[in-house]
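A closer look at the structure
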Amino acid sequence: MHRVPNPPKLPVFALAETRSRGDIRAAKARLAAMLLACLAACASTTAEIRADDAAVSSATETTAHPTATGNIVVVGTSQSRADFIGEHAETIRRAAFSQLLGETHPKPWLVCCEIHVHESADSFEQAVGGSPAEARGATSLEFSGDRVVTRRIDVMGDGPGIVPDAIDHEVVHVVLADHFIHAAPPRWADEGLALLFDTPEKQRGHEADFQDARRRGLTWSVADLLALEDYPADGPRQKIFYGQSAALVRWLIARRDAATFIRFLDDAAQVGMEAALDRHYAITSLVSVSSAWKEVAPINTLGLSQRRR
Ligand SMILES: [Zn+2]
């Protein structure tokens, strides 16, 4: 469920894998091959694309017939399933751009999002560096100046559905990166927004984790949650973090709308969280935000969760 790594504070161009792979040259060749499939499907051609051609031509033979749907490349599963997953991911991409960022006609991604579907825990763990028991999806992003230069999602594909259960959530992280290009949104906000696209069942699970922690006095204070710069290290604290973050995001969006919430995050990065809360929500004290824990917006009333699987 994590978005990794953080966007660098200073522009850095890096094509290299963000995770340890053993054979970087093979990894680069695979990435270039994915780009070829993606570029064939992308409508526009630019100097940026042509710059990749040399690398692509030398790596074509390593392509394992990835499926490209325009903005998404799916690998690691059968052709028919990859086609279905790709179409679904495109639908979620459009929904996230429209409902969270107000972009009804988002620009195509010149660098496609690779979705790697893993059929075994070993394969997932080797790619991501973490067990699927902790999170069944992971997103990796790399940035250069005002562009995203790598978009990659790894998901477990061994569930009962044709579409892996973590896809929607991870696609939201990738879409948000287009807006938060120079600095990642706060962790709680990034996760809370992605959780809006999880199934109602999953969201209810996170809500239960949060309410249970609240009863036991284990939740974060508002100030601590808003200031949290990274994910909690241990599993039980992570569960509370996801539930509490989701509750806060739903509460704030319910007070206005998703567009206001995004503007609030933009301003918070400039003027600070408290000033931005005052400006967009007329909340003058962090203590008032604790109302979110008692007035939790019902699951999925915002109509953001997609059910097409
Ligand atoms: Zn996540």
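Residues numbered from 1 in each chain as written. Predicted model: local features only at pLDDT ≥ 70, side-chain atom pairs only at ≥ 80, totals over all residues.

1. Comments concerning the confidence of the model for the protein chain
- Across the protein chain, the average pLDDT comes to 79, with 74% of residues at or above 70.
- Confidence, expressed as mean pLDDT per element, reaches its minimum in the protein chain at helix α2 (residues 47-50) with 26 and its maximum at strand β4 (residues 113-118) with 98. (pLDDT = per-residue confidence, 0-100. Helix = DSSP H or I, 4+ residues; strand = E, 2+ residues; numbered from the N terminus.)

2. Section: the environment of A258
- Within the secondary structure, A258 is located in helix α11 (residues 258-271).
- Overall, the presence of 19 C-beta atoms within 10 Å leaves A258 in the partly exposed class.
- Taking the C-alpha atoms as reference points, A258 and L101, separated by 157 residues in sequence, lie 7.7 Å from one another.
- Those residues in contact with A258, other than ones at most four positions away along the chain, are Q99, L100 and I253. (Buried ≥ 20, exposed ≤ 12 C-beta atoms within 10 Å, placed from the backbone. Contact = placed C-beta atoms within 7 Å.)

3. Concerning the pairing of β4
- Along β4, six of the six residues are buried, which leaves the element largely enclosed by surrounding structure.
- After leaving strand β3 (residues 72-75), the chain enters helix α4 (residues 79-101) and then returns to the sheet as β4, a path that is left-handed.
- Sheet topology places β4 next to strand β6 (residues 147-156); six bridges connect them, and they run parallel. For H118, the partnering residue across the bridge sits in β6 and is M156. (Right-handed = clockwise from strand over helix to strand, strands pointing away. Pairing = 2+ DSSP bridges.)

4. Overview of the pairing of strand β5 (residues 137-144)
- Burial runs high along β5: seven of the eight residues are buried.
- Here β5 runs beside β6; their pairing, made up of eight bridges, is antiparallel. Across the sheet, F143 pairs through a bridge with V148, a residue of β6.
- What sits between the antiparallel neighbours β5 and β6 is a turn of two residues, in which G145 has the positive phi angle 60 degrees.

5. Quick look at the packing of helix α7 (residues 187-195) against helix α10 (residues 235-255)
- Packing of α7 against α10 leaves a shortest axis separation of 8 Å and a crossing angle of 80 degrees. Considering the angle they form, α7 stands roughly perpendicular to α10. Contact residues: α7 offers W188, A189, E191, G192, L193 and L195, while α10 offers Y242, S245, A246, L248 and V249.
- The residue inventory of the contact of α7 with α10, partitioned by class, reads eight nonpolar, two polar and one charged. (Axes fitted to C-alpha atoms, helices over the stretch in contact; angles between N-to-C directions. Parallel < 35°, antiparallel > 145°, perpendicular 65-115°, else oblique. Nonpolar A, V, L, I, M, F, W, Y, C, P; charged D, E, K, R; others polar.)

6. Structural notes on the packing of α4 against helix α6 (residues 167-179)
- Interaxial distance between α4 and α6 falls to 9 Å at its minimum, and their mutual angle equals 50 degrees. By the angle between their axes, α4 is oblique relative to α6. Read as a crossing pair, α4 and α6 show a hand that is right-handed. Residues I85, H88, A89, I92, R93, A96, F97 and L101 of α4 pack against I167, D168, V171, V172, V175 and H179 of α6.
- For the contact of α4 with α6, the class distribution of residues is 10 nonpolar, two polar and two charged. (Left-handed = near helix turned anticlockwise from the far one by under 90°.)

7. Notes on helix α8 (residues 200-215)
- An ideal rise of 1.5 Å per residue puts 22 Å on 16 residues; α8 measures up with 22 Å between its terminal C-alpha atoms.
- By the burial criterion, the buried members of α8 are Q203, H206, E207 and F210. For α8, the angular spread of the buried residues around the axis is 100 degrees, confining them to a single face. Exposed and facing more than 90 degrees away from the buried side of α8 are E201, A208 and R215.
- In this fold, the buried residues of α8 make contact with α7 and α10.
- Where α8 ends, the next residue or the one after it, G217, has phi of about 70 degrees, a positive value. (Expected span 1.5 Å × (residues − 1). Arc of directions from axis to C-beta.)

8. Concerning the environment of T104
- Turning to its location among the elements, T104 is positioned in the loop between α4 and β4.
- For the pair formed by T104 and R94, sequence separation is 10 residues and the distance between their alpha carbons is 7.2 Å.

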